[in-house]
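# Understanding the architecture of this molecule
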Amino acid sequence: MAGTGFLGVLITAFGLLAFIGSTHAELQMDFYAESCPKAEKIISDYVGQHIPNAPSLAASFIRMHFHDCFVRGCDASVLLNSTNGQSPEKNAVPNQTLRGFDFIDRVKSLVEAECPGVVSCADILTLVARDSVVTTGGPFWQVPTGRRDGVISNVTEATNNIPTPFNNFTTLLRLFNNQGLDTNDLVLLSGAHTIGIAHCPSFSRRLYNSSGPGGVDPTLDSEYAANLKANKCRTPNDNTTIVEMDPGSRKTFDLSYYTLLTKRRGLFNSDAALTTNSTSLALINQLLSNPQSFFYAQFAKAMEKMGRINVKTGSEGQIRKQCAFVNS
């Protein structure tokens, strides 16, 4: 999740097994097999047609899905405009650089034309995130469906629950633990930064306002920092220049992001933080010592796990007719 956002995931015994079993019992593969059998193909076809022309959206949709699930669960609340006069999640700083809302709206309109009022925006966002990564050559993961849409979107909740690029390890782990996720999840979901992009203000304090030599964060490789200051972020508040989080490999969903972390070339403070904890560093080294297929398999488990956070099912919530608006 690039820009002013974040990402990371693996199965753990967090004392949540009963919670997962009861709350998520209604999520299932092919939930729409009878009610809207063409839904998933409509979504994957549209993604397959348009994402190759804008591959950077793949990272955007993972990030949007991630930010959605961390606030009130995976209920598409991040897609809502104002509800009951409240400022919505979209207005929170971590969400101000999200892209692709219009893409989700177009997918929703196609699905609505086929099956009005059947397929939730929450499921559409989850499927688009998966299909866009697969389309760009990344890993596949299972997406059980049956999520329903939330009716509340609150900017303060987003601000309080979404990890930021500035967080240290302790804060990151607390925010992940709050969602039933663990250190493995944090490291694995962060791996999506391999296809991410960022704007300078999300990391410029590491270049200009640190206690290190020349204002550069001592946890950031000095040669890399000098290159960023000379060629990318010439001023701390440059909000137009886009920087690849995995330079030279951004279009490939691979392990090079983790290699950069071991070289002190993680862009965000939250990236560098992953090497400050012995458990997370051990996982990084484990990923780097195994084939890429191992990373893909673990990342897939993490994404499916994240997609189950506090989902609404059955009669909870609603099926929005338009993703940006609660049904009247």
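Just so it is clear, the structure is predicted and the values come from calculations on it, not from any experiment.

## Quick word on the UniProt feature "domain: Plant heme peroxidase family profile" (unreviewed entry) in the chain
If you check UniProt for "domain: Plant heme peroxidase family profile" (unreviewed entry), the listed places come out as residues 26–327 in our numbering. Structurally, residues 26–327 is divided into 43% helix and 2% strand, and its ends, taken at the C-alpha atoms, are 23 Å apart.

## What about unusual backbone geometry?
Although it is not a glycine, D30 adopts a positive phi angle of roughly 55 degrees. Relative to the assigned elements, D30 resides in the loop between α1 (17–23) and α2 (39–50). The exposure class assigned to D30 is partly exposed, which follows from its relative accessible area of 49%. Within the chain, A76 stands out as a residue other than glycine whose phi angle is a positive 60 degrees. Summarising the element assignment, A76 is placed in the loop between α3 (57–69) and α4 (101–114). Residue class for A76 comes out buried when judged on its relative accessible area of 0%.

## Overview of the confidence of the model for the chain
Confidence in the prediction for the chain averages 91 pLDDT; 92% of positions are at 70 or higher. Low pLDDT, under 50, characterises residues 1–25; the stretch is placed with 103 contacts to residues that sit more than four places away or in other chains.

## Here we look at the environment of I284
For I284, the position within the fold is in helix α13 (residues 278–288). Assessed through its relative accessible area of 0%, I284 is described here as buried. I284 sits 73 residues away from S211 along the chain, and the two C-alpha atoms are 27 Å apart. Leaving out residues up to four positions away in the same chain, I284 has contacts with V187, Y258, L261, T262, L274 and T275.

## Section: the state of the cysteines
One pass over the structure, following the stated rule, counts four disulfides. Paired by a disulfide, C36 and C115 hold their sulfur atoms 2.1 Å apart. The disulfide joining C36 to C115 has a torsion of about 85 degrees about its S-S bond and is therefore right-handed. With C36 in the loop between α1 and α2 and C115 in the loop between α4 and α5 (121–135), the pair connects residues that are 79 residues apart, well separated along the chain. Comparing C36 with C115, the two get one shared label, buried. Put simply, C200 and C233 are joined by a disulfide, and their sulfur atoms are 2.1 Å apart. Given an S-S torsion of about -85 degrees, the disulfide between C200 and C233 has left-handed geometry. Residue C200 is found in the loop between β1 (197–199) and α9 (205–208), and its partner C233 is found in the loop between α10 (222–231) and β2 (242–244); the two are separated by 33 residues along the sequence.

Definitions and cut-offs
Here the residue index of a chain counts from 1 through its sequence in written order. For this predicted model, a pLDDT threshold of at least 70 governs which residues receive local features, and a threshold of 80 or more governs which side-chain atom pairs are given and counted, while totals over whole chains, interfaces and linings are taken from all residues. Values shown for side chains rest on all heavy atoms present in the structure; no hydrogens or waters enter the calculation. UniProt positions are given in the numbering used here, feature names are shortened, and annotations may be inferred rather than shown by experiment. In this description a helix means any DSSP run of H or I spanning at least four residues, a strand means any run of E spanning at least two, and both kinds are numbered starting from the N terminus. Each residue is assigned to one of three classes by its accessible area relative to the maximum for its type, calculated with a 1.4 Å probe on protein chains only: buried under 20%, partly exposed between the two thresholds, exposed over 50%. Scored from 0 to 100, pLDDT reflects the predictor's confidence in each residue. By definition, residues are in contact when any of their heavy atoms lie within 4.5 Å. Pairs of cysteine sulfur atoms within 2.5 Å are what we label disulfides.

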